[in-house]
Amino acid sequence: MKEYWRSLEDLLPGEEVAPKKSSSVLLSDKAESSKNTRRDFLKYFGFSIASAAVLAGCERPVKKAIPYLIQPEEIKPGTANYYASSFYDGSEMVPILVKVRDGRPIKIEGNDLCQMTGGSASARVQASLLNLYDESRPAQPTLDGNPIRWEDVDVKLTETLTNWDASKEFVILTPSIISPSTKQLFKDFRAKYPFVVHETFDAFSYSALREAYQASFGQPVIPLFRFDQAKLVVGFNADFLGTWLQPTTFGRQYASARKLTDGQRDMMRHVQFEATMTLTGSNADERVPMPAVDEAYYLSALYSQLANKAGLGVPSVDAPQAIVKIAEELANTKGKSLVVSGTNDSSIQRLVVEINYLLGNIEKTIHIDRPLNLFQGDDKAFDGLLTRMESGHVGAILFWETNPLYQAPLQGRTEAAIKNVPLRLAAQSQQTETALLCNYQLPAPHFLERWDDTELVSGVYTLTQPAIRSLFKTRSPQENLMAWAGFDGTYYDFIKLHWKENIYSLDLAKGKQFESFWKVSLRDGIVAGNASVTPIAYQGADVSAILNANSSAKSGNELELVLYQNVPVGDGTLANNPWLQELPEPVSRVCWDNYVSVSPAFAALRGWSQGDVVDVNGVELPVLVQPGQARNTLAVAVGYGRSNAGRVASGLGKNVYPFVELRDGHRSYVISKVEVVATGSTYELAATQSHHSMEGRALVRETTIADYLANPASGNEMHEKVEKLHTTLYHKHEYKGHHWGMVIDLNSCIGCNACVVACSAENNVPVVGRNEVRRSHEMHWIRLDRYYAGDSDNPEVVRQPVMCQHCDNAPCENVCPVAATNHSSEGINQMAYNRCIGTRYCNNNCPYKVRRFNWFDYTGADSIPNNRVDVTGMTLDLKRMVLNPDVTVRAKGVIEKCSMCIQRIQDKKLNAKKDGRQLADGEIKTACQQTCPTDAITFGDMNDPNSKVSKLLKDARQYGLLEELHTLPSVVYLTKVRNKDKNKMLS
């Protein structure tokens, strides 16, 4: 069997993996062994046993509920309402549905009317709900630190604008605006105040990508990439499944092109060249570690190979063997391939554009005529803005949900330029570093508290509508402009009028009058029309100079530093979010920190171990030894080291944005001339990957596409053998009604962790904080095990989501002394929290290790005093508004784990009963299933022969985790398939 490992310690079996941990109570009277005596132990033990039942049933703190004096017509207590809206944080945009209970949003889902996302949502989209209840949000307007009324703000700024010196600019700095109504408002505002200048700033820049398409096609666009239409995808430092451009959309496309269910036998092939191990690279069929400084050389060689095959006279570039082979594959898949790069370098992006043009991919896998409206920022324009600010040409600047002081410090230049502007205003929904330099603090509402609209691609419109009344004295930036310009009405009125005059048409509305069209648009949240597109013609671009400048590799023994976004925290905009901070990074499995990752070869050369603290150009960071990383590449995630973010993120990790510099007019996230030295100190990272190997068990099963096509059971031969040996003394459960089960397709799961946050939000999973995670006390009900296979310099990566397996022969049920864990008539392994006394026998007897124990009071539900651990303020009244009232909030001392979202099962069953009908297959969706961007999870009734679950259970790839134990799990996995051909291996 193929050997898998989780960490480098597995490759060193002769060494100690981790220091032995002493037990919390030692049975010894010796002082040096423990300060506790046997008498103390018996006292504590006696207390726990004698009073466990009392504590389990004791009264909780009294919480008073105040009834409605006049109940709103649309609110029925205990019944959820759903509102269509949109998530947009300046980078990713996803249409969503907001679940509201008794006037408070408690869950975000993807809007399944959106064809691009298919009803899915990323981890950050799911977690953004918690930022609504962030107590550190700006709560009221201030002027020079003193509270001020909105009416007084309007009087002062209207007077300022009316008497403005026209020789000075009034700059409004925003993230990329994808709202058609806001764009119209800017036009109207500038018509009244011509000195107003609108500039765009993106937290993480992709301006070189737009510039490259302008050079070749005359338009600065970011095209719509279609991974689902490609047979071969080649990525260069582009984490398109994790953080690049629109990962929720790309993840869905990617998985649909690789599924092998419903008779599909053709599978997209994915090859990744990258310096660091990314989420995307870890999912590739083949991955080539490549120094970041050599990316232009690799792409020059690839273009040269393809151009010469096409008979074009271009300078020849000696190509690495991997490039020669992939060029041959690309040449054989013209019009059905896709080459992408995530590097903000104009030379690199121009090469990529020309490669795709040579391959005939334009308007087939790359759609330029309906581009993405994201990331409109221009680094050269921002540089010009800084120059004007430095020279005194800017008299005022409004920072509209932007934080350039943190995300583009540019060696202190940004701070000096801001301070040189006399009037500074900050319209922010969260605390930011830039806002500290501003005279006016104008708090903006959370996106769930305001009206807005978006146009992600031409002709696809979505609406953002408030799901709750503003919690603080906030006002949208759009309403600020309307008040200062003297426009009548609210921004809602402005949006509605703009839609009536510019978006509404009888064809789009299917013959409905505007009011009907508007109501339907609000209900659906999304309107997709056939927008007129302007064909963009290829203008040609000469890249000879780029080929000559990159004719050989530039890497040597010098170190390079790569700055990247990790999946949980991203660019740092949502950093003050406990759900995201406690979410393990998909590759390293580390949370609550950033770190400097280094290759095993480089760590061995320097004699470094995991957790050693090193100084990188003056910034001290702990080391994480990352298999698969390029030898002389160091990598650090941005988004940490916030100084003014709130209770959770301020001071957490280290800020490496100051390393970013302008290179050829673009912000560069690859830094050369790096100096790194060990400090001699150590730091324990909070990592959830504590168990190190599969230990010879067939937990993950995989095969290749060639073997699968020859034998659909390839890689899963063990399943048939185990089935023949199954025998038991247990009585077989009979399920006369439903028998719920789940199938997880390992071929579709990319490990994005969206399911983890969705589960936490749905089931009130507590946040325990960094110290408890370090002690392996994390509480997530679902985890994504990550295994490596092969050489540590470039291993293969496989992942497996694991939650409670809901076994028919559940080992946990036999050993509970109080029958707290029991088996339902529908196959669900249930937990009676008020019966559990915390013996943890069930945890010890579970072979899957999926049960969680509340070591402390993380939620404020406990009646025992002096017992609370709440480092992130999750027990504050404001944050407790996020709790799902359909799920019990657990106290200290009980076991909890996946319940298959039993509250959702019961809700749909009740609805079907009230309607007098049978449950439809697919009507019930668990939280993890509903948010999954890749549709890797299927839930349903195994007793229904026509259900999708039942059909998947007949797939030759299906197997149960540790099925040789005969636990008969109701969660089933499908074997992973790689598109690898030993005759086409790149290395």
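Bear in mind the structure is a predicted one, so any value in this text is a computation, not a measurement. (Residues numbered from 1 in each chain as written. Predicted model: local features only at pLDDT ≥ 70, side-chain atom pairs only at ≥ 80, totals over all residues. Heavy atoms only, no water.)

Participant: Break down the nonpolar core for me, with residues and values.
Facilitator: Core analysis: the biggest nonpolar cluster contains 90 residues, and I96, L448, W579, M742, I744 and Y973 have the highest contact counts within it. A total of six residues in this core trace back to one element, the largest contributor, which is helix α2 (residues 123–132). Setting aside residues no more than four positions away along its own chain, I744 makes contact with P801, M803, A936, I937, V971, V972, Y973 and L974. (Core = buried A, V, L, I, M, F, W, Y, C linked by side-chain atoms within 4.5 Å. Buried < 20%, exposed > 50% of the residue type's maximum accessible area, 1.4 Å probe, protein only. Helix = DSSP H or I, 4+ residues; strand = E, 2+ residues; numbered from the N terminus. Contact = heavy atoms within 4.5 Å.)

Participant: So what's going on with the packing of aromatic side chains? Residues and values would help.
Facilitator: For the coordinates displayed, the defined rule picks out 38 aromatic pairs. Note on F201 and F382: the rings are 5.0 Å apart at their centroids and 45° apart in plane angle, and the pair reads as tilted. Residue F201 is found in the loop between β8 (196–200) and α5 (207–217), and its partner F382 is found in helix α11 (residues 379–390); the two are separated by 181 residues along the sequence. By the burial criterion, F201 is buried, and F382 matches it. Between the aromatic rings of F217 and Y538, the centroid separation amounts to 5.5 Å while the plane-to-plane angle is 65°, which identifies the pairing as edge-to-face. (Phe/Tyr/Trp six-rings, centres within 6.5 Å; stacked < 30°, edge-to-face > 60°.)

Participant: Got a sec to walk through the sheet that holds strand β2 (residues 80–88)? Specific residues and values, please.
Facilitator: An order of β2-β3-β4 is seen for the three strands of this open sheet, with the pairing classed as antiparallel. Every interior strand has two partners, whereas the edge strands, β2 and β4 (104–110), have only one. Ignoring strand direction, the axes of neighbouring strands in this sheet form an average angle of 30°. In this structure, β2 lies alongside strand β3 (residues 93–101), joined through nine bridges in antiparallel fashion. (Pairing = 2+ DSSP bridges. Axes fitted to C-alpha atoms, helices over the stretch in contact; angles between N-to-C directions.)

Participant: Can you tell me about the side chain of T142, naming the residues and giving the values?
Facilitator: Relative to the helices and strands, T142 resides in strand β5 (residues 142–143). On the basis of relative accessibility, which here comes to 15%, the residue T142 falls in the buried class. When residues no more than four places from it in sequence are discounted, the contact partners of T142 are P147, I148, N439, Y440 and Q441.

Participant: Report on the pairing of β8, specifying residues and quantitative values.
Facilitator: Burial analysis of β8 places four of its five residues in the buried class, which makes it a mostly covered element. Here strand β7 (residues 169–174) runs beside β8; their pairing, made up of five bridges, is parallel. Bridge pairing links F170 to V196 in β8. Handedness of the crossover joining β7 and β8 through helix α4 (residues 180–192) is recorded here as right-handed. (Right-handed = clockwise from strand over helix to strand, strands pointing away.)

Participant: I'd like a description of unusual backbone geometry, backed by residues and values.
Facilitator: A negative phi angle characterises most non-glycine residues, just as the trans form characterises most peptide bonds. Non-glycine residue L245 carries a positive phi angle of around 60°. Looking at where L245 falls in the secondary structure, it is placed in the loop between β10 (232–236) and α6 (247–256). Phi angles above zero are rare outside glycine, and H806 is one such case at about 50°. Topologically, H806 is positioned in the loop between β35 (796–802) and α24 (811–815).

Participant: Report on empty space enclosed by the protein, specifying residues and quantitative values.
Facilitator: As enumerated under the stated definition, the model contains 15 cavities of 30 Å³ or more in all. There is about 730 Å³ of room inside the largest cavity. Those elements that place two or more of their residues in the lining of the largest cavity are β2, α2, β18 (452–455) and α14 (477–485). In terms of residue class, the lining of the largest cavity is made up of 15 nonpolar, 22 polar and eight charged. (1 Å grid on protein atoms, 1.4 Å probe; cavity = no way out; pocket = protein on both sides within 12 Å on 5 of 7 lines; lining within 4 Å. Points joined across faces, edges and corners; volume = space filled by probe spheres on them. Nonpolar A, V, L, I, M, F, W, Y, C, P; charged D, E, K, R; others polar.)

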